[in-house]
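Take a look at the letters that make up each chain.
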Amino acid sequence: MRRALVQAERAANANEVPVGAVVVLDNEIIGTGRNQPLGTHDPTAHAEVVALRDAAQNLQNYRLSGTTLYVTLEPCLMCAGAIIQARVERVVFGAFDEKAGAVGSTANLLQSPIANHQCRVTSGVLRDECSAVLEQFFTELRSMDQEESPTCS
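Summary of the structure given here. (Residues numbered from 1 in each chain as written. Predicted model: local features only at pLDDT ≥ 70, side-chain atom pairs only at ≥ 80, totals over all residues. Heavy atoms only, no water.)

Describing the overall build of the protein chain
Moving on, step 1. Broken down by element type, the protein chain carries 5 helices and 5 strands.
Moving on, step 2. Helices (α) and strands (β) of the protein chain occur, in sequence order from the N terminus, as α-β-β-α-α-β-α-β-β-α.
Moving on, step 3. Relative to the 2.2 N^0.38 estimate, which gives 15 Å for 153 residues, the radius of gyration of the protein chain is 16 Å and therefore close to what a compact globule would have.
Moving on, step 4. Its C-alpha atoms give the protein chain principal-axis dimensions of about 60 × 30 × 25 Å.
Moving on, step 5. Relative to its 153 residues, the protein chain shows a buried fraction of 43%.
Moving on, step 6. Long-range contacts, defined as pairs at least 24 residues apart, comprise 55% of the intrachain contacts of the protein chain with a sequence gap of at least 6.
Moving on, step 7. Put simply, the protein chain shows about 8500 Å² of open surface, and 49% of that area lies on carbon and sulfur atoms. (Helix = DSSP H or I, 4+ residues; strand = E, 2+ residues; numbered from the N terminus. Rg over C-alpha atoms; globule rule 2.2 N^0.38 Å. Buried < 20%, exposed > 50% of the residue type's maximum accessible area, 1.4 Å probe, protein only. Contact = heavy atoms within 4.5 Å. Areas by Shrake-Rupley, 256 points an atom, 1.4 Å probe, with all protein chains shown as cover.)

The following block contains the structure:
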């Protein structure tokens, strides 16, 4: 999870929402990703999808059986769908996403009987650190917005 946090920091440094992810197979990182939809103009460039793509390229296989995905924020519906399609064995996430999380907060797609694959899920790993990165980013963003907004006299 600490390696995923490094990716989240890299996203923040690029003014992207600070979410990071890594894919691990046999205790080796085979894929990394960070949020980058703004910089790439790609709505699918969430940290999880970027990490899954990287891992698939490294393995030369879109099926990532036996892997664990570590991500700093609970995956959304899109990412959960990609995780299912990749056949990831286990997902470990840090912070919960009460508005859009699809791995326990608003839904649990990864363990749903309607999905053609289920994953083991571990939640809340380094939750405080993962949440702090997001909170700091949004606090700074709101602060910048207030500084740039016109004032009435």
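Comments concerning the packing of helix α3 (residues 47-59) against helix α4 (residues 77-86)
Moving on, step 1. Where α3 meets α4, the closest approach of the two axes is 9 Å, and the angle between their N-to-C directions is 20°. On the basis of their axis angle, the class for α3 and α4 is roughly parallel. Here α3 runs over α4; the crossing is left-handed. Counting all contacts with α3, which are made through E48, V49 and L52, the residues of α4 involved are M78, C79, A82, I83 and A86.
Moving on, step 2. Classifying every residue of the contact of α3 with α4 gives 7 nonpolar, no polar and 1 charged. (Axes fitted to C-alpha atoms, helices over the stretch in contact; angles between N-to-C directions. Parallel < 35°, antiparallel > 145°, perpendicular 65-115°, else oblique. Left-handed = near helix turned anticlockwise from the far one by under 90°. Nonpolar A, V, L, I, M, F, W, Y, C, P; charged D, E, K, R; others polar.)

Some thoughts on a nonpolar patch on the surface
Moving on, step 1. Together, V17, F138, L141 and M144 give the surface a local cluster of nonpolar side chains, amounting to about 300 Å² of exposed area.
Moving on, step 2. Structurally, the position occupied by M144 is in helix α5 (residues 127-148).
Moving on, step 3. The exposure class of M144 is partly exposed, given its relative accessible area of 44%. (Patch = residues over 30% accessible without salt bridge, like charges linked within 9 Å, V, L, I, M, F, W, Y side chains within 5 Å. Salt bridge = Lys/Arg side-chain N within 4 Å of Asp/Glu carboxyl O.)

Looking at the pattern of salt bridges
Moving on, step 1. By the definition in use, this model includes 3 salt bridges.
Moving on, step 2. A salt bridge links E129 to R2; the nearest nitrogen and oxygen atoms lie 3.9 Å apart. Placement of E129 in helix α5 and of R2 in helix α1 (residues 2-13) is noted, with a sequence separation of 127 residues between them.

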